[in-house]
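Architecture and fold: a report
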Amino acid sequence: MTTPTLPPLREVIARYGLNASKALGQNFLFDGQLLGRIAAIPGDLHNAEVLEVGPGPGGLTRALLAAGAKVTAIERDRRCIPALAELGAQYPGMLHVIEGDALEVDAPSLFAGKPHIVSNLPYNVGTALLVGWLTAAEWAPWWQSLTLMFQKEVADRIVSDADDDAYGRLAVLAQWRSTARIAMPVHRSAFTPPPKVMSAVVHIVPTSAPEGVSVTVLERLTAAAFGQRRKMLRQSLKSVPGALAALEVVGIDPTRRAETVPIAAFVALAREVGRSKKPPSAPTE
Ligand code: SAM
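What you are looking at is a predicted structure, and each value in this text was computed from that prediction instead of being measured.

Topic: a negative patch on the surface
On the surface, Asp161, Asp163, Asp164 and Asp165 cluster together to form a negatively charged patch. Mapped onto the fold, Asp165 is located in the loop between helix H6 (152–159) and helix H7 (169–175). Relative accessible area serves as the criterion here: at 78%, Asp165 is assigned to the exposed category.

Observations regarding the site of the ligand
Close contacts around the ligand come from 20 residues, with Leu29, Gly54, Glu75, Asp101 and Asn120 the closest. A distance of 2.8 Å is found between a nitrogen atom of the ligand and a backbone nitrogen or oxygen belonging to Gly54. With respect to the ligand, the backbone of Ala102 contributes an N or O atom lying 2.9 Å from a nitrogen atom. Taken by itself the ligand offers 590 Å² of open surface, and the protein chains cover 99% of this. Placement of the ligand is best described as lying within the largest pocket. Breaking the shell around the ligand down by element, the ones donating at least two residues are strand S1 (28–29) and strand S3 (70–75).

A closer look at empty space enclosed by the protein
Within the structure shown, the criterion is met by one cavity of 30 Å³ or more. Of the volumes computed, that of the largest cavity is approximately 30 Å³. Considering the residues around the largest cavity, the lining is formed by Ile38, Leu60, Val118, Ser119, Asn120, Thr147, Leu148, Met149 and Val201. Every element with two or more residues in the lining of the largest cavity is listed here: strand S5 (116–120) and strand S6 (145–151). Looking at the lining of the largest cavity, its residues break down into six nonpolar, three polar and no charged.

Things to note about the environment of Ala23
As for its placement among the helices and strands, Ala23 is situated in the loop between helix H1 (9–16) and S1. Given a relative accessible area of 64%, Ala23 falls into the exposed group. Taking the C-alpha atoms as reference, Ala23 lies 9.4 Å from Pro122; in sequence the two are 99 residues apart.

Remarks on unusual backbone geometry
Residue Trp139 is joined to Ala140 through a cis peptide bond whose omega torsion reads 5 degrees. Mapped onto the elements of the fold, Ala140 is located in the loop between helix H5 (126–134) and S6. For the peptide bond that leads from Thr192 to Pro193, omega is -10 degrees, which places it in the cis range. Within the element layout of this structure, Pro193 appears in the loop between strand S8 (191–192) and strand S9 (199–206). Phi at Asn47 takes a positive value of approximately 60 degrees, unusual for a residue other than glycine.

Details of the layout of surface pockets
Taken as a whole, the largest pocket encloses approximately 900 Å³ of empty space. The wall of the largest pocket is formed by 46 residues, among which Gly25, Gln26, Asn27, Pro122 and Tyr123 lie closest to the centre. Taken together, the residues that form the lining of the largest pocket break down as 26 nonpolar, 14 polar and six charged.

Some thoughts on the packing of helix H8 (residues 215–227) against helix H11 (residues 263–277)
Two elements in contact, H8 and H11, have axes whose closest approach is 9 Å; the angle formed by their N-to-C orientations is 120 degrees. Here H8 lies oblique to H11, going by the angle between them. Where H8 crosses over H11, the two elements pack in a sense that is right-handed. On the side of H8, the interface is formed by Val217, Leu218, Leu221, Thr222, Ala225 and Phe226, while H11 contributes Phe266, Val267, Leu269, Ala270, Val273, Gly274 and Lys277.

A closer look at the domain arrangement of the protein
When the domains of the protein are assigned, the result is domain 1 (9–206) and domain 2 (215–277). Put simply, the middle of domain 1 and the middle of domain 2, counted by C-alpha atoms, are 32 Å apart. Surface buried jointly by domain 1 and domain 2 totals about 1200 Å² across both partners, of which 69% is contributed by carbon and sulfur atoms. On the domain 1 side of the contact with domain 2, Tyr167, Arg169 and Trp176 bury the most area, a combined 46% of that side's loss. Taken together, domain 1 and domain 2 are joined by one salt bridge. Note that Glu219 and Arg169 form a salt bridge whose closest N and O atoms lie 3.4 Å from each other. Inspection of the domain 1/domain 2 interface yields five residue pairs in polar contact (both at pLDDT 80 or more). Counting residues per element, the side of domain 1 that touches domain 2 draws most heavily on H7, which supplies five residues.

About the thresholds
- Residues numbered from 1 in each chain as written.
- Predicted model: local features only at pLDDT ≥ 70, side-chain atom pairs only at ≥ 80, totals over all residues.
- Heavy atoms only, no water.
- Patch = residues over 30% accessible without salt bridge, like charges linked within 9 Å, V, L, I, M, F, W, Y side chains within 5 Å.
- Areas by Shrake-Rupley, 256 points an atom, 1.4 Å probe, with all protein chains shown as cover.
- Salt bridge = Lys/Arg side-chain N within 4 Å of Asp/Glu carboxyl O.
- Lys, Arg positive; Asp, Glu negative; His and termini not counted.
- Charge placed at Lys NZ, Arg CZ, Asp CG, Glu CD.
- Helix = DSSP H or I, 4+ residues; strand = E, 2+ residues; numbered from the N terminus.
- Buried < 20%, exposed > 50% of the residue type's maximum accessible area, 1.4 Å probe, protein only.
- Near = heavy atom within 4 Å.
- Polar contact = N/O pair within 3.5 Å; in protein donor to acceptor, adjacent residues only side chain to side chain.
- 1 Å grid on protein atoms, 1.4 Å probe; cavity = no way out; pocket = protein on both sides within 12 Å on 5 of 7 lines; lining within 4 Å.
- Sits in = over half its atoms within 2 Å of the grid points.
- Points joined across faces, edges and corners; volume = space filled by probe spheres on them.
- Nonpolar A, V, L, I, M, F, W, Y, C, P; charged D, E, K, R; others polar.
- Axes fitted to C-alpha atoms, helices over the stretch in contact; angles between N-to-C directions.
- Parallel < 35°, antiparallel > 145°, perpendicular 65-115°, else oblique.
- Left-handed = near helix turned anticlockwise from the far one by under 90°.
- Contact = heavy atoms within 4.5 Å.
- Domains from an automatic or database assignment.
- Buried area = accessible area lost by both parts, 1.4 Å probe.

Structural data, given as structure tokens:
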């Protein structure tokens with residue numbers, strides 16, 4: 001299919017009255033080259049299913065469609081819907097727009113296969129969406145990869161390692177059964193209006209999950225440990241049943257602080273806590 005000629009995004013914004021709303025985290029991207037580079041991060045998207053959260057006036061959506069993707073987009077701002085319908089008319093059958101709140105929509109049910117998720121996320125719900133995608137009970141998850149724009153400070157928290165200033169719960173959740181990297185820094189001046197801080201696109205790909213570890217237990221441990229990150233583990237993990245005994249079993253010094261404990265050690269701890277909670281199996285005849 002030949003790429004249709006589309007009106008400049010600034011013209012679409014003016015025509016549909018899409019002046020940016022701060023409450024909806026609207027910072028738009030207009031640079032077609034930059035958008036094309038973001039759409040290329042997941043790899044070949046020809047006929048691939050893609051979920052985009054917050055298409056807004058459709059800049060990234062255009063790049064995804066031009067790459068051959070079948071895009072399902074969830075947008076909360078109803079002012080954007082007619083502009084997206086106009087774009088969809090240029091790509092028959094390739095763009096499905098849902099008006100709604102991405103935190104409420106049952107996204108997995110929208111796809112027959114496993115979509116790539118590609119999005120310039122609204123900053124106010126970005127972390128909540130990411131945590132939801134990373135804590136899927138089933139692994140491999142319902143999505144193939146995540147290509148997501150965040151404020152640089154959040155991107156650093158996602159890709160950091162133990163002993164980095166940014167290391168915390170997000171790093172553990174993003175890396176214990178996925179790889180996470182910063183694929184592209186994005187200057188604040190690329191956005192309209194420009195936000196106060198720099199941004200970066202993070203690329204996350206699921207790997208196999210370590211055996212015998214429940215995401216719920218891991219979440220509970222990291223929430224407790226990093227909730228009081230300056231405290232020693234023997235203090236911060238008191239509230240998690242079995243955690244203090246598990247520290248000893250797996251050989252983690254209880255006087256350490258969460259920020260010094262590598263992801264693999266949190267995984268071992270979660271496995272031990274989960275194991276110790278299980279009732280002993282019935283004796284076999
Ligand atoms: N994709 C466009 C771009 O790159 O220019 C817009 C990105 S803008 C940072 C975020 C978009 O998410 C806005 O269009 C906003 O209306 C939308 N949005 C905000 N909260 C949302 C939510 N809870 N669910 C779905 N979309 C939301």
